[in-house]
Amino acid sequence: MRQKLVIGNWKMNGNRASNTALLSGIVAGLNDFGADCAVCVPAPYLAQCQAELAGTPVRWGAQDVSIHAGGAYTGEVSAAMLQDFGSTYVLCGHSERRAYHHESNELVAQKTAVALAAGLTPVVCVGESLEQREAGQTEQVICAQLQAVLEAIAPQQIADLVLAYEPVWAIGTGKTATPQIAQDAHRLLRACLAQRHAEAAAGVKILYGGSMKPENAKELMAQPDIDGGLIGGAALKSSDFLGIIQAV
Ligand code: PEP
């Protein structure tokens, strides 16, 4: 039985005061909900998370990682630096990075491998655009995104991945995938994983992301291959984030 996992993606939001309010609200409201939870925050706030979340059940992480270990790469943040601040997770290949920073499947795969090598848990994001869905290319697109990652890591490392299926048309739009659409994509992703390592595939958590909120979380989480959520907008309010965790 896979333990459910709910991760908040803060994107480029927050400041020290609002972060403290949000984090303390989450910690105070967490009961024994039976789900793991984490926040992926802008890199400058990792130290704050380490200071304010250490000793609580809430884990933290970053939204991107460099493929380089160090040196003359202005603006980049290495996996070792994320580790230095106690990060557990790092998002790899979020659709906003694929779209605005032209991250290719191969670059996302390299980032995933670097994160794994540093002992971080990469949350590999895949998902199709509206045009791709309407053109009937969903399966091809998300399998190619995943396949690139699988080619960059060893089969035994599959067990250390978290995947997130995030249809681009559902992110920040208020349009959630129906539970059936999401389940179909998740089942397909798990089948792709299983071709490489059947046993590991059964244990990998596949999160759904795209306008998840407390009102639609329960039905989505009830699907057999949906193991939690990657939450954007609703992760910025502790009551909404807790409402999703509670729906698990
Ligand atoms: C995201 O950014 O990963 C996301 C799922 O955003 P939202 O929940 O706002 O759609």
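Values in this document were obtained by computation on a predicted structure and should not be read as measured data.

Asks: What am I meant to see in the sheet that holds strand E7 (residues 205–209) here?
Replies: By definition, the strands of a sheet pair up through backbone hydrogen bonds, in either a parallel or an antiparallel sense. Strand order in the closed barrel formed by 8 strands is E1-E2-E3-E4-E5-E6-E7-E8, with parallel pairing between adjacent strands. Neighbouring strand axes in the sheet, compared pairwise and without regard to direction, differ in orientation by 25 degrees on average. Pairing between strand E6 (residues 162–165) and E7: 4 bridges, direction parallel. Paired with Val162 across the bridge in E7 is Lys205.

Asks: How should I be thinking about the site of the ligand in this particular structure?
Replies: The full set close to the ligand counts 14 residues, and Lys11, Glu166, Gly172, Ser211 and Gly233 are the nearest of them. At 3.3 Å, a side-chain N or O of Asn9 approaches an oxygen atom of the ligand. His94 is positioned with one of its side-chain polar atoms (N or O) 2.9 Å from an oxygen atom of the ligand. In isolation the ligand offers 290 Å² of accessible surface; the protein chains occlude 95% of this area. Considered class by class, the residues forming the shell around the ligand number 4 nonpolar, 8 polar and 2 charged.

Asks: Explain the packing of aromatic side chains to me, please; I cannot follow it from the model alone.
Replies: Aromatic ring pairs: the centre-centre distance and the angle between the two ring planes describe each pair. One pass over the structure, following the stated rule, counts 1 aromatic pair. Geometrically, the ring pair formed by Tyr165 and Tyr208 is tilted, given 6.4 Å between the ring centres and 55 degrees between the ring planes. Residue Tyr165 is located in strand E6, and its partner Tyr208 is located in strand E7; the two are separated by 43 residues in the primary sequence. In this structure Tyr165 comes out as buried when scored by relative accessible area, which is 0%.

Asks: Could you clarify how one ought to interpret the environment of Glu96 in this entry?
Replies: Mapped onto the fold, Glu96 is located in helix H4 (residues 95–100). Under the relative-accessibility criterion, Glu96 is labelled partly exposed at 24%. Separated by 118 residues in sequence, Glu96 and Pro214 place their C-alpha atoms 23 Å apart. Sequence-distant contacts of Glu96, that is, excluding residues within four places in its chain, are made with Lys11, His101 and Ile171. A polar side-chain atom of Glu96 sits 2.7 Å from a polar atom in the side chain of Lys11.

Asks: I would appreciate a short explanation of the nonpolar core in the present structure.
Replies: Side chains that are nonpolar tend, in soluble globular proteins, to be buried together. Membership of the largest hydrophobic core comes to 66 residues, with the highest contact counts inside it found for Val39, Tyr208 and Phe241. Not counting residues within four places of it along the chain, the set of residues in contact with Phe241 comprises Val6, Ile7, Gly8, Ile26, Cys37, Ala38, Val39, Ile231, Ala234 and Ala235. With 12 residues, the next largest nonpolar core counts Leu5, Tyr89, Leu91 and Leu230 among its residues.

Asks: Please clarify how the pattern of salt bridges should be interpreted in this entry.
Replies: Side-chain pairs of opposite charge can arise whenever the charged atoms involved come near each other. Under the defined criterion, the tally for this structure stands at 12 salt bridges. Asp184 is paired through a salt bridge with Arg187; the nearest N and O atoms lie 3.0 Å apart. One end of the pair is Asp184 and the other is Arg187, both in helix H8 (residues 179–196) and 3 residues apart, which spans about a single turn. On the basis of relative accessibility, which here comes to 45%, the residue Arg187 falls in the partly exposed class.

Asks: Looking at this structure, I do not really get the packing of helix H5 (residues 105–117) against helix H7 (residues 138–152). What am I missing?
Replies: Two elements in contact, H5 and H7, have axes whose closest approach is 8 Å; the angle formed by their N-to-C orientations is 45 degrees. When the interaxial angle is binned, H5 and H7 end up oblique. The crossing of H5 and H7 is right-handed. Between H5 and H7, the contacting residues are Asn105, Glu106, Ala109, Thr112 and Ala113 on the first element and Ala144, Gln145, Ala148, Val149 and Ala152 on the second. Across the contact of H5 with H7, the residue classes tally to 6 nonpolar, 3 polar and 1 charged.

The rules behind these values
Residues numbered from 1 in each chain as written. Predicted model: local features only at pLDDT ≥ 70, side-chain atom pairs only at ≥ 80, totals over all residues. Heavy atoms only, no water. Pairing = 2+ DSSP bridges. Helix = DSSP H or I, 4+ residues; strand = E, 2+ residues; numbered from the N terminus. Axes fitted to C-alpha atoms, helices over the stretch in contact; angles between N-to-C directions. Near = heavy atom within 4 Å. Polar contact = N/O pair within 3.5 Å; in protein donor to acceptor, adjacent residues only side chain to side chain. Areas by Shrake-Rupley, 256 points an atom, 1.4 Å probe, with all protein chains shown as cover. Nonpolar A, V, L, I, M, F, W, Y, C, P; charged D, E, K, R; others polar. Phe/Tyr/Trp six-rings, centres within 6.5 Å; stacked < 30°, edge-to-face > 60°. Buried < 20%, exposed > 50% of the residue type's maximum accessible area, 1.4 Å probe, protein only. Contact = heavy atoms within 4.5 Å. Core = buried A, V, L, I, M, F, W, Y, C linked by side-chain atoms within 4.5 Å. Salt bridge = Lys/Arg side-chain N within 4 Å of Asp/Glu carboxyl O. Parallel < 35°, antiparallel > 145°, perpendicular 65-115°, else oblique. Left-handed = near helix turned anticlockwise from the far one by under 90°.

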